[in-house]
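Structural overview
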Amino acid sequence: MTRSAHQLPAYALFASLLAAAGLPIYIHAPKFFVDEYGVSLGALGSVLFGLRLLDVVQDPLLGRLSHMLRHKREVAVAVGTALMAGSMFALFAVPPLLPPLIWFALTLTGVFSAFSFLTICFYAQGVAKAVTLPGRGHLMLARWRETGALLGVCVASVLPVMLGVVSDAPFAGFAVGFAVLGAAGVFAMRGEWHSTGIVGTTGIGVVLRDPVARRLLLIALFNAAPVAVTSTLFLFYVESVLRAPGWEGPLLLLFFLSAAVAAPFWGKLAERFGPKPVLLAAMTLAIVVFAGTLLLGAGDLAWFVLVCLASGAVLGADLTLLPAMFAARMAVVAPSAAEGFGLWSLVSKFSLAFAAIALLPTLQASGFDSVATGNGPVAISTLIGLYAGVPCVLKLIAIGLMAATPLQKDDEI
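Our subject in this report is the structure included herewith. (Residues numbered from 1 in each chain as written. Predicted model: local features only at pLDDT ≥ 70, side-chain atom pairs only at ≥ 80, totals over all residues. Heavy atoms only, no water.)

1. As for the packing of helix 11 (residues 275-290) against helix 12 (residues 301-333)
As a reminder of what qualifies: Fitted lines through C-alpha atoms give the axes, limited to the stretch in contact for helices. The angle between two N-to-C directions lies from 0 to 180 degrees. Each helix corresponds to a stretch of at least 4 residues labelled H or I by DSSP, and each strand to a stretch of at least 2 residues labelled E; elements are numbered beginning at the N terminus. To sort the angles, those under 35 degrees are grouped as roughly parallel, those over 145 as roughly antiparallel, those from 65 to 115 as roughly perpendicular, and the leftovers as oblique. Handedness of a crossing follows from how the near helix is turned relative to the far one, being left-handed for an anticlockwise turn of less than a right angle and right-handed for a clockwise one. Only heavy atoms enter the contact rule, under which two residues are in contact if any of them lie within 4.5 Å.
Packing of helix 11 against helix 12 leaves a shortest axis separation of 9 Å and a crossing angle of 150 degrees. Between helix 11 and helix 12, the angle falls in the class roughly antiparallel. In this structure, the crossing between helix 11 and helix 12 has a hand that is left-handed. Counted together, P275, V278, L279, A282, M283, L285, A286, V289 and F290 of helix 11 and V307, A310, S311, V314, A317, D318, L321, L322 and M325 of helix 12 form the full contact between these two elements.

2. Thoughts on the state of the cysteines
This is how it is decided: Two cysteine sulfurs form a disulfide in these notes if their separation is within 2.5 Å. Burial classification: accessible surface area is computed with a 1.4 Å probe over protein chains only, and a residue below 20% of its type maximum counts as buried, one above 50% as exposed, and the rest as partly exposed.
In the structure shown here, the tally under the stated rule is zero disulfides. Looking at the unpaired C392, the closest cysteine sulfur is the one in C308, lying at 14 Å. Residue classification places C392 among the buried residues on the basis of a relative accessible area of 11%.

3. Notes on the nonpolar core
To keep it simple, the criterion reads: To define a nonpolar core, start from buried Ala, Val, Leu, Ile, Met, Phe, Trp, Tyr and Cys residues and group those joined through side-chain atoms within 4.5 Å.
Counting 142 residues, the largest nonpolar core has M84, F92, L233 and F304 as the members making the most contacts within it. With 17 residues, helix 9 (residues 211-241) is the single largest residue contributor to this core. Aside from chain neighbours lying at most four places away, what touches F92 is I25, H28, A29, F32, F171, A172, F174 and A175.

4. So, the packing of helix 3 (residues 41-68) against helix 5 (residues 100-131)
To keep it simple, the criterion reads: Each residue receives one of three labels: charged for Asp, Glu, Lys and Arg, nonpolar for Ala, Val, Leu, Ile, Met, Phe, Trp, Tyr, Cys and Pro, and polar for the others, Gly being one of them.
For the pair helix 3 and helix 5, interaxial distance at closest approach is 9 Å and the crossing angle is 30 degrees. On the basis of the axis angle, helix 3 is roughly parallel to helix 5. Along this stretch, helix 3 crosses helix 5, giving a crossing that reads as right-handed. Partitioned by chemical class, the residues of the contact of helix 3 with helix 5 number 16 nonpolar, six polar and three charged.

5. Observations regarding helix 1 (residues 8-20)
Just so we agree on the cut-off: Helix span, as expected, comes to 1.5 Å for every residue beyond the first.
Under the 1.5 Å per step criterion, the end-to-end length of helix 1 is 19 Å for 13 residues, consistent within 8% with the ideal 18 Å. Of all 13 residues in helix 1, 11 are buried; the element is thus mostly enclosed.

6. Let's talk about the pattern of salt bridges
The line we're drawing: When a carboxyl oxygen of Asp or Glu is within 4 Å of a side-chain nitrogen of Lys or Arg, the pair counts as a salt bridge.
What the rule picks out here adds up to five salt bridges. One salt bridge connects D210 with R329, and the closest N-O pair in it is separated by 2.6 Å. Placement of the pair is D210 in the loop between helix 8 (204-208) and helix 9 and R329 in helix 12, with a sequence separation of 119 residues. For D210, a relative accessible area of 8% puts it in the buried group. Among the ionic pairs, K395 bridges to D318, the shortest N-O distance being 2.6 Å. Here K395, found in helix 14 (residues 377-403), pairs with D318, found in helix 12; they are 77 residues apart in sequence, far enough to count as distant. Relative accessible area serves as the criterion here: at 7%, D318 is assigned to the buried category.

7. Some thoughts on unusual backbone geometry
Phi is positive for R243, close to 55 degrees, though the residue is something other than glycine. Tracing the chain through its elements places R243 in the loop between helix 9 and helix 10 (248-273).

8. Observations regarding the packing of aromatic side chains
To keep it simple, the criterion reads: Pairing of aromatic rings covers Phe, Tyr and Trp, the last counted by its six-membered ring, and requires centre-to-centre distances within 6.5 Å; plane angles under 30 degrees mean stacked, over 60 mean edge-to-face, and any other angle means tilted. By definition here, charges over rings are those cases where NZ of Lys or CZ of Arg is within 6 Å of the ring centre and within 35 degrees of the ring normal.
As enumerated under the stated definition, the model contains 20 aromatic pairs in all. Consider the rings of F290 and Y387, whose centres lie 5.4 Å apart with planes at 50 degrees: the pair is tilted. Separated by 97 residues along the polypeptide, F290 in helix 11 and Y387 in helix 14 bring together distant segments of the chain. Y387 matches F290 in its accessibility class, with the two residues each being buried. Members of the aromatic cluster, each reached through a chain of ring pairs, are F32, F33, Y37, F92, F104, F171 and F174. Above the ring of F187, the side-chain terminus of R190 is found at 3.9 Å from the ring centroid.

9. Looking at helix 3
Since the α-helix turns once every 3.6 residues, residues separated by three or four places project in the same direction. The cut-off we apply is this: At every residue, the bend is computed as the angle between two fitted axes, covering the seven residues ending there and the seven beginning there respectively. Pairing of N or O atoms within 3.5 Å defines a polar contact, subject to two protein rules: one partner must be a possible hydrogen donor and the other a possible acceptor, and residues neighboring in sequence count only if both atoms are side-chain atoms.
A rise of 1.5 Å per residue sets the reference length of helix 3, with its 28 residues, at 40 Å; its end C-alpha atoms lie 39 Å apart and thus fit the reference within 8%. At V56, helix 3 shows its strongest bend, of approximately 40 degrees, with the proline P60 following within four residues. With a side-chain oxygen lying 3.1 Å from the backbone nitrogen of A43, the N-terminal cap of helix 3 falls on S40.

10. Looking at a nonpolar patch on the surface
Basically, it comes down to this: Note on patches: the residues involved have over 30% relative accessible area and no salt bridge, like charges join within 9 Å, and the nonpolar side chains Val, Leu, Ile, Met, Phe, Trp and Tyr join within 5 Å. Here the Shrake-Rupley method, with its probe set to 1.4 Å, supplies the accessible areas, and only the displayed protein chains count as covering residues.
Among the surface-exposed residues, L53, V56, V57, L61 and F350 lie close enough to one another that they form a single nonpolar patch of about 440 Å² accessible area. Here the nonpolar patch takes four residues from helix 3, the largest share from any one element. Its location among the elements puts L61 in helix 3. Overall, the relative accessible area of 54% leaves L61 in the exposed class.

11. Description of the environment of V180
Looking at where V180 falls in the secondary structure, it is placed in helix 7 (residues 170-188). Taking the C-alpha atoms as reference points, V180 and L306, 126 residues apart in sequence, are found 34 Å from one another.

Remember that the coordinates give geometry; whether it matters functionally is a separate question.
Structure (structure tokens):
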């Protein structure tokens with residue numbers, strides 16, 4: 001391992017921090033505010049959609065800010081991490097100082113804004129880091145980064161459930177643990193947030209004028225949407241369709257741990273056969289595996305365990321290969337990369353906006369009640385269709401776009 005490669009574990013640790021503030025918050029925060037404060041699903045969905053609309057303006061500007069602060073990025077990252085950890089603590093550990101829905105909106109604004117800025121800085125720095133690595137540097141970095149991210153998701157997804165066994169305030173414990181992880185991540189990455197010396201052509205327009213970059217951004221939108229859908233509805237599906245309350249934590253752990261174990265293997269396959277054919281194969285397999293959830297119902301927990309295991313494994317390819325492909329393209333068309341990853345962050349989170357505004361109100365309109373002991377057949381059928389059917393359709397669109405995307409030699413990571 002070269003001297004540059006010795007720092008890759010630090011990238012994995014920081015990736016785990018960012019991941020802990022991403023999908024797990026969409027899994028836990030809405031249900032937490034429903035259960036603790038009685039906020040309606042429709043209202044929470046509207047707030048989440050509003051926050052994603054904020055990202056439409058904010059993320060490209062944060063990409064510009066990251067580029068402007070590239071010579072002071074270490075300090076900026078420390079401040080951003082402190083803001084993210086503080087907002088997380090206010091979200092889960094502080095009783096609302098304002099009406100709960102407003103408190104939900106304000107604290108999540110702090111979490112997501114800091115998350116966006118840190119993600120952009122992190123992935124932009126990764127473009128420069130990959131150049132210093134031997135072989136296919138983008139894939140090597142992606143294996144460490146995305147495996148760390150998936151392990152972070154594993155811990156963040158199940159920690160509140162585990163803490164609930166020993167504490168009356170599990171989410172407060174989660175917030176404290178997140179702050180500790182933030183401090184460790186900043187410490188581990190010290191010295192890595194240096195200016196690359198790359199000037200190059202910058203600006204969002206440069207990225208959007210490139211046809212391959214535009215197509216990869218569109219693929220990212222449709223490919224992230226299935227995960228956004230299933231993450232938003234996962235807890236409701238397990239409780240109300242499978243009738244398996246208490247299994248949410250183990251199932252989440254199985255799903256993301258499977259992805260973490262599989263991610264390095266997908267990277268190795270991509271190095272041998274090329275990223276595009278490997279990613280297409282994994283995306284196709286994802287549909288085959290996940291379509292089975294359309295047929296599950298109460299008592300089918302064992303079958304769903306197999307679905308979690310297999311679908312988590314193929315998710316490892318999505319999360320490893322597609323960001324690496326986009327990073328490789330940024331190294332060609334916009335080497336500073338910050339503004340390109342501002343757009344990447346935007347499209348990735350817009351899929352979560354779709355899940356929030358389209359799914360939660362639709363589920364509520366069907367008569368679904370998350371605190372009821374039982375729901376009617378219409379509500380359950382709607383939940384199954386949204387959780388299992390919508391992701392398969394979105395993944396088919398992503399496959400079509402990827403198959404039609406021409407990649408050049410420089411994009412082969």
